[in-house]
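Residues per chain, in single letters:
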Amino acid sequence: MAYIKIFDTTLRDGEQSPGVALNTLQKLEIAHSLARLGVDIIEAGFPIASDGDFDCVNRIAKDVKGPVICGLARTHKLDIERAAKAIEPAEKGRIHTFTSASDVHLKYMLKQTREQVLELSDQMVRYAKEFTDDVEFSAQDCMRADPEFVYQLVRAAIAAGATTINIPDTTGYGTPQDYGLLIKNIFQNVPEAHQVSISTHCHDDLGMAVANSLAAVENGATQIECTINGIGERAGNTSLEECVMALYTRKDHYGHEIGINTREIYFVSRLVQRHTGMQIPPNKAIVGDNAFAHESGIHQDGVIKHKETYEIMNAELVGREAGVLVMGKHSGRNAFRTRLAELGYTDLSQEKLNDLFKQFKDLADAKQHVTNEDILALVETESSKVAEVYRLEHVQFQSGTGGMTPSALVRLSTPEGIMEETALGDGPVDASFKALKKMTPVPFELEAYDLKAIGKGTDALGEVSIRVNSEGQIVHGRAISTDVVHASVLAYVDVLNKLAAGIGRHKEAANQITMSMP
Ligand code: KIV
Ligand code: ZN
């Protein structure tokens, strides 16, 4: 039996997802929740990428206790110095330095020979060791590299002092069999690999990231690099919740220990969804809306008679509700506070609690049953609110079949006073957005619009998430309402308020980093 370390890279590789740009406060909040989840290592960012990235890693290193805080660095002196400085305040800090292993990377990206890559890896691991004992070494694209060269790199990095050797399948090319075999062969060809932690880092291009990571564990890897909800570059990374629950539920098969508090999984997953704006598909294992829902009569009947007929794990085990509904318009403040605490919200101020209770009562008036999901949505909306510079005063719309052109009227309270506009559009949401656009002080492009029902039934809350790009700055807006047009307009107003508060992040700086030598 081994202890498998969970290395979370949501804030670094996960943030490399297209359209995702987290600000320092959001990263900090996620990092604190990862610490509560019990991850062993948090890869907090890539400090050389931008001053913003440096500050995030540095703040997390200062504030977040428990996990090792890790900063990424290419095999460049400046990168390593920057990463070292960023993690300096951490209780436990790690520098993760990386190069590439495949010929295609060496030829076209690094423009280095194998000898040069080996030499630089040796030097930079040694250099990183001058700042911290905990040094991780990675060579990108190991799965498409010559295995002999991978062994050489692993040997060199261990000799230089690396304590963790990561074997990335950067392009998601491997199958469980061949990725597992690569790990096995590393142990066979480089016996000193038994003295360090061999780590997996898989991407999901062929949908095999989780299977590949677990195959690596079966072949001796003791660290899994993964992200919450599996977010990341292209098709994403290994999903933390899937790996963790596989190791937990199938301990009979894997036989390993992990240090994760599984009951925090759902909370962190929702938090990451909210801050990144990346919606979790309903059928996503563990955290998707349908992951514990039983639809067919046969399944429902089975589960009512005995849960284990169709459930291999309890919803409560990952911090989700078992029952569907329980709160309604007669529920009092105390019951509401108790339910919030059960959902993980124990430290809300009295003022927030009062606001939320009022919203809960309004919602209970609008719909008969208020579910845990509704309550979570209320809290999440409330906690992502910023100062209300713009406030929706009124929205009215008309739509119908038979050649009727949808129209909308929106009245907004703005710093310049009350403004009102009307517009026609391809549907009431489009018409409302066009009316709002006429009143928008800074131009922005709508990059993504997502509408999701929270719960079932025609009275379900509609949750609208939008992503806009305002002169290179990414801003997410989100709102809920039992009326989807109303929710859409509120999400737009949320964006206006976030732009006014200066919340949003430019991604260009990080995107300009390449693998070539500076
Ligand atoms: O996918 C990859 O190879 C990476 C490395 C930087 C570890 O993210
Ligand atoms: Zn990666």
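Residues numbered from 1 in each chain as written. Chains lettered and ligands numbered in written order. Predicted model: local features only at pLDDT ≥ 70, side-chain atom pairs only at ≥ 80, totals over all residues. Heavy atoms only, no water.

What follows concerns the site of ligand 1. Around ligand 1, the structure places Arg12, Asp13, His96, Phe98, Ser138, Gln140, Asn166, Pro168, Thr170, His201 and His203. At 3.0 Å, a side-chain N or O of Arg12 approaches an oxygen atom of ligand 1. Computed on the free molecule, ligand 1 has an accessible area of 260 Å², of which 95% lies beneath the protein chains in the complex. Every element with two or more residues in the shell around ligand 1 is listed here: strand E4 (93–100), strand E5 (135–140) and strand E6 (164–169). Partitioning the shell around ligand 1 into residue classes produces 2 nonpolar, 7 polar and 2 charged. (Near = heavy atom within 4 Å. Polar contact = N/O pair within 3.5 Å; in protein donor to acceptor, adjacent residues only side chain to side chain. Areas by Shrake-Rupley, 256 points an atom, 1.4 Å probe, with all protein chains shown as cover. Helix = DSSP H or I, 4+ residues; strand = E, 2+ residues; numbered from the N terminus. Nonpolar A, V, L, I, M, F, W, Y, C, P; charged D, E, K, R; others polar.)

So, about the sheet that holds strand E11 (residues 391–398). Ordered in space as E11-E12-E13, the 3 strands form an open sheet in which the pairing is antiparallel. Each edge of the sheet is formed by a strand with only one pairing partner; in this case those strands are E11 and strand E13 (417–424). The average angle at which neighbouring strand axes cross in this sheet is 10°, direction not considered. In the sheet, E11 pairs with strand E12 (residues 407–414) via 7 bridges, with the strands oriented antiparallel. Considered in E12, the bridge of Leu392 is made with Leu412. (Pairing = 2+ DSSP bridges. Axes fitted to C-alpha atoms, helices over the stretch in contact; angles between N-to-C directions.)

Let's shift gears to unusual backbone geometry. The backbone of Arg234 sits at a positive phi, close to 50°, despite the residue not being glycine. Along the chain, Arg234 turns up in the loop between strand E8 (223–226) and helix H9 (240–249). Residue class for Arg234 comes out partly exposed when judged on its relative accessible area of 43%. Although it is not a glycine, Ile286 adopts a positive phi angle of roughly 70°. Locating Ile286 in the fold gives a position in the loop between helix H11 (265–276) and helix H12 (297–305). Assessed through its relative accessible area of 6%, Ile286 is described here as buried. (Buried < 20%, exposed > 50% of the residue type's maximum accessible area, 1.4 Å probe, protein only.)

A few words on the pairing of strand E3 (residues 68–74). In terms of residue burial, E3 counts as a mostly covered element, since 7 of its 7 residues are buried. Across the two faces of E3 the burial is the same, with Val68, Cys70, Leu72 and Arg74 and Ile69, Gly71 and Ala73 all buried. Relative to E3, strand E2 (residues 41–45) runs parallel, the two being bridged by 4 bridges. If you follow Glu43 over to E3, its bridge partner there is Cys70. Chirality of the crossover, the property in question, places the unit of E2, helix H2 (residues 51–63) and E3 among those that are right-handed. Regarding the hand of the β-α-β motif, the stretch spanning E3, helix H3 (residues 77–87) and E4 is right-handed. (Right-handed = clockwise from strand over helix to strand, strands pointing away.)

Every α-helix winds through 3.6 residues per turn, so residues three or four apart in the chain are directed the same way. Taking 1.5 Å per residue, 17 residues should reach 24 Å; helix H17 (residues 484–500) reaches 24 Å between its end C-alpha atoms and fits that length. Extensive coverage of H17 is indicated by the burial of 13 of its 17 residues. For H17, the side-chain oxygen to backbone nitrogen distance between the N-cap and Val485 is 2.9 Å, and the N-cap itself is Asp483. Looking one or two residues beyond H17, the residue adopting positive phi is Gly502, at roughly 75°. (Expected span 1.5 Å × (residues − 1).)

Let's shift gears to the coordination of the zinc ion (ligand 2). Each protein donor to the zinc ion (ligand 2) is listed here as Asp13 (OD), His201 (NE2) and His203 (NE2); together their distances run 2.0 to 2.1 Å. Positions of the donor residues of the zinc ion (ligand 2) along the chain correspond to the pattern D-x187-H-x1-H. Of the two residues, Asp13 is situated in the loop between strand E1 (5–8) and helix H1 (24–37) and His201 in strand E7 (residues 197–202); the sequence distance between them amounts to 188 residues. (Donors = N, O, S within 2.8 Å, 3.2 Å for Na, K, Ca; no water.)

This paragraph deals with the pattern of salt bridges. Applying the stated rule across the entire model yields 29 salt bridges. Across the pair Arg12 and Glu43 runs a salt bridge whose closest N-O atoms are separated by 3.0 Å. Highlighted residues: Arg12 in the loop between E1 and H1 and Glu43 in strand E2, separated in sequence by 31 residues. Classification of Arg12 as buried rests on a relative accessible area of 10%. Exposure remark for Glu43: the relative accessible area of 0% places this residue in the buried category. In this structure, Arg391 and Glu393 form a salt bridge, with 2.9 Å as the shortest nitrogen-oxygen distance. Within the structure, one salt-bridge network assembled from shared partners comprises Arg270, Glu380, Lys452, Glu463 and Arg478. (Salt bridge = Lys/Arg side-chain N within 4 Å of Asp/Glu carboxyl O.)

Right, let's get into the packing of aromatic side chains. Taken as a whole, this structure holds 9 aromatic pairs when the rule is applied. Grouping aromatic residues by their ring pairs yields a cluster made of Phe433, Phe444, Tyr449 and Tyr492. The ring centre of Tyr127 lies 4.8 Å from the NZ or CZ of Lys77, which sits over that ring. In this structure, Arg82 packs its charged tip against the face of Phe54, placed 3.9 Å from the ring centre. (Phe/Tyr/Trp six-rings, centres within 6.5 Å; stacked < 30°, edge-to-face > 60°. Lys NZ or Arg CZ within 6 Å of the ring centre and 35° of its normal.)

Its location among the elements puts Arg36 in helix H1. A sequence separation of 106 residues divides Arg36 from Cys142, and the C-alpha atoms of the two residues are 32 Å apart. Look past the residues within four positions of Arg36 in its chain and what remains in contact with it is Asn261, Glu264 and Phe267. (Contact = heavy atoms within 4.5 Å.)

It is the contact of helix H16 (residues 428–438) with H17, at a shortest axis distance of 9 Å, that shows an interaxial angle of 30°. Put simply, H16 runs roughly parallel to H17. Every pair of crossing elements has a handedness; the one defined by H16 and H17 is right-handed. Here Pro428, Val429, Ser432, Phe433, Leu436 and Lys437 of H16 lie close against H17, whose contacting residues are Val485, Ser488, Val489, Tyr492 and Val493. A per-class count over the contact of H16 with H17 returns 8 nonpolar, 2 polar and 1 charged. (Parallel < 35°, antiparallel > 145°, perpendicular 65-115°, else oblique. Left-handed = near helix turned anticlockwise from the far one by under 90°.)

Let us look at the sheet that holds E5. Strand order around the closed barrel formed by 8 strands is E1-E2-E3-E4-E5-E6-E7-E8, with parallel pairing between neighbours. Averaged over all pairs of adjacent strands, the angle between their axes in this sheet comes to 25°, without regard to strand direction. Contacts between H3 and the sheet are confined to E3 and E4, with E3 contributing the most and set at about 165° to the helix.

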